[in-house]
Structure formats: structure tokens, C-alpha cells
Amino acid sequence: MNSKIRQNLFPVLAAFIWGTAFVAQSVSADYVAPMTFNALRSIIAFFALALLWVFKAQREKRMSPPPPPTDKKQLLLGGLCCGIALSAASVMQQAGLSETSAGKAGFITALYIVIVPILGLFLHKKAPGTVWAGVALALAGLYFLCVTETLSMETSDLYILVGALIFSVHILLIDHFTAKVDGIKLSCMQFLTASILTGVGAFLKEPANWAGVMQCIGPILYVGIFSSGVAFTLQILAQKDANPTVVSLLLSLESVFSVLAGAVILGDRLSGRELLGCCLMFAAVILTQLPVPKRAERT
């Protein structure tokens, strides 16, 4: 597949899945504790990706010439680092969702579109002016799309803000390791790490609530297979050789898709404010895809 198509199509697909899964996470937060929920979704994602890993390995055996061997040390290190970041960010987000309104949660989580380029500066990853303009437009769009009340910083809001910061670190970690290891294998290893960490945490800190799990088994399966297994793998494959700031802007479209999914599936009507937010978000994405002049690109 053409790398340009992969770097732009895959994160949009991931954003679509995450946007539609936002409702499933909110429903599950009423029945299942954060670490239990994330342990279950991570275990489901790990087994789904393990099957894909086996299928891919069987196909690679028939390839001529065979692909280069996997750097096992980098794969283990990448799976550990990305898994720690993913589990911490997901638990923080899920904890905040139990009390924070959907508007606040969506806006605060998507602040990674600002955090990623700022953190990237410390890693010598510069972005052209069009990307920074896109960040500003996307941030304004997210505000109009999600925030309908006074944005005050409560404890639950702080959980989601910390989660957004860790998600930003997760994006930069993926940017680092996708250049070294296979994306599907990296995604599988990160969910193995996340399932162990959140599983141990749930066993030690949260009471068993199998009745609550059975009441929202559908949303858990959807989030585990699609939101975790499929969407995070698409993110990893998209970030290979891509600008992490541009990918984070495309991923932030999850807020737009969550609003559109509510309108189509639940019959929610979009207000003028929400439509303005959608337009600004799409304008930001288009702006980041404009060709950069050669002089600016060299700079």
C-alpha cells in the first residue's frame, strides 16, 4: 500500500472506531471498575492480535525472499514501554469517564493534538507552520464540538488530563519503535503488557463484579476487538515513517465521529455550535495535508 494512503487513511479509520466506541466506554463505566474494564479489553485485544500474528508468520514462511528477522530485544522493550503508557492512559481516561460529562472528556482527551508537537520539540521533531496552524484550528474545533458548559477542573477532569498527557507519550513511543519492529507484533506485545498490568491492579484494588461485566459484555467485546485490537494497530501502522503531529491531528477526529455516530445511531441533533466544531476539525486536517514548500521543508 502507498505510504501516503497508509499514513492518512489508517488514523482516520482508527478515529472512526474510537469515536463510535466512546459510547461503549461510557456505558461500561457505570457497571465495571476502570482497571477491570481495561484488563478485559486488553486481554481480548491480545488474543485477537495473537491470531493475526500467527497468520502473518505462516504467510511470511512462504515469502521469497523471507522478511528480515525481528529484533526481539527492541520488540520486548517497545511492547513494555508502549504497554505501560497505554494501560496508564486508558485507566485514567476510564476513571474520569465515570463522573465527567462526555463534552469535557472529549475535549480534554483530545488535547494530545497540542501536547504531541510540544513534546516533539524536546525530541528535535520540528513541524512546519501549517501543522501548528492546524493544531490551533483543531483545538478551536474541539472546543465548539465538545464543550457546552463551563470548563472547571474537577478531580475526574484531572484524571482525563493526565490520561491525555500519557496518550501523547504513547504516540511518541510508537513513533520511535515502529521504525525498528513490525507493527502488528508491537501492538500484540503492548496489549499483553497492558493486560498483565491492569489485571494485577484489578485483582489487588477492585472487587470482582462479574454481574456488571455480563451486563455490558457487548460494549466490552466491541472495545476490546475493534477499539483496542484494530484501531491501535491501525495507529501503529499509520505512524511508521509519518509525522506524529499530523497523525495525532487525524486521530483527534474521533470527537467528530462520536458526535456524528450519536446523530445517526441515537437520533441526536447537531447544534450549530457542534457543526462549526466539525467544520473547523476537518479544515485543520486538510490544512495539515497541504504540500509544504521546499524551502520550509528543508528548514
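Note that this is a predicted model, so its numbers are computed, not measured. (Residues numbered from 1 in each chain as written. Predicted model: local features only at pLDDT ≥ 70, side-chain atom pairs only at ≥ 80, totals over all residues. Heavy atoms only, no water.)

**Regarding the overall build of the protein chain**
In step 1: A tally of regular secondary structure across the protein chain gives 14 helices and zero strands.
In step 2: Every one of the 299 residues in the protein chain was classed for burial, and the buried ones make up 49%.
In step 3: Long-range pairs, those at least 24 residues apart, make up 93% of the contacts in the protein chain with a sequence separation of at least 6.
In step 4: Carbon and sulfur atoms make up 70% of the accessible area of the protein chain, which totals about 14700 Å². (Helix = DSSP H or I, 4+ residues; strand = E, 2+ residues; numbered from the N terminus. Buried < 20%, exposed > 50% of the residue type's maximum accessible area, 1.4 Å probe, protein only. Contact = heavy atoms within 4.5 Å. Areas by Shrake-Rupley, 256 points an atom, 1.4 Å probe, with all protein chains shown as cover.)

**Thoughts on helix 1 (residues 3-29)**
In step 1: Over its 27 residues, helix 1 runs 37 Å from end to end, which matches the ideal 39 Å to within 8%, given 1.5 Å per residue.
In step 2: For helix 1, the principal kink sits at A21 and spans about 35°. (Expected span 1.5 Å × (residues − 1). Bend = angle between axes of the 7 residues up to and from the residue.)

**Notes on the pattern of salt bridges**
Pairing is possible between side chains that carry opposite charge, provided their charged atoms lie close to one another.
In step 1: Taken as a whole and assessed by the stated rule, the structure comprises one salt bridge.
In step 2: For D182, the salt bridge identified is with K56, shortest N-O distance 3.0 Å. Of the two residues, D182 is situated in the loop between helix 7 (155-177) and helix 8 (183-205) and K56 in helix 2 (residues 34-61); the sequence distance between them amounts to 126 residues.
In step 3: In this structure D182 comes out as partly exposed when scored by relative accessible area, which is 22%.
In step 4: On the accessibility criterion, K56 (22% relative accessible area) is partly exposed. (Salt bridge = Lys/Arg side-chain N within 4 Å of Asp/Glu carboxyl O.)

**Examining a nonpolar patch on the surface**
In step 1: Residues M214, I217, L221, I225, F226 and V230 make up a contiguous nonpolar surface patch of roughly 490 Å² in combined accessible area.
In step 2: In terms of residues, the nonpolar patch owes the most to one element, helix 10 (residues 217-239), which gives five residues. (Patch = residues over 30% accessible without salt bridge, like charges linked within 9 Å, V, L, I, M, F, W, Y side chains within 5 Å.)

**A closer look at the packing of helix 2 against helix 8**
In step 1: Contact geometry for helix 2 and helix 8: axes closest at 7 Å, N-to-C directions at 155°. Between helix 2 and helix 8, the angle falls in the class roughly antiparallel. Relative to helix 8, the crossing made by helix 2 is left-handed.
In step 2: Here the residues of the contact of helix 2 with helix 8 sort into 16 nonpolar, eight polar and four charged. (Axes fitted to C-alpha atoms, helices over the stretch in contact; angles between N-to-C directions. Parallel < 35°, antiparallel > 145°, perpendicular 65-115°, else oblique. Left-handed = near helix turned anticlockwise from the far one by under 90°. Nonpolar A, V, L, I, M, F, W, Y, C, P; charged D, E, K, R; others polar.)

**Observations regarding the side chain of T178**
In step 1: Looking at where T178 falls in the secondary structure, it is placed in the loop between helix 7 and helix 8.
In step 2: Only 2.8 Å separates the side chain of T178 from the backbone oxygen of I174, close enough to count as a polar contact.
In step 3: Here D175 takes part through its backbone oxygen, which lies 3.5 Å from a polar atom of the side chain of T178.
In step 4: Excluding its chain neighbours within four sequence positions, the residues that come into contact with T178 are L186, I236, Q239 and K240. (Polar contact = N/O pair within 3.5 Å; in protein donor to acceptor, adjacent residues only side chain to side chain.)

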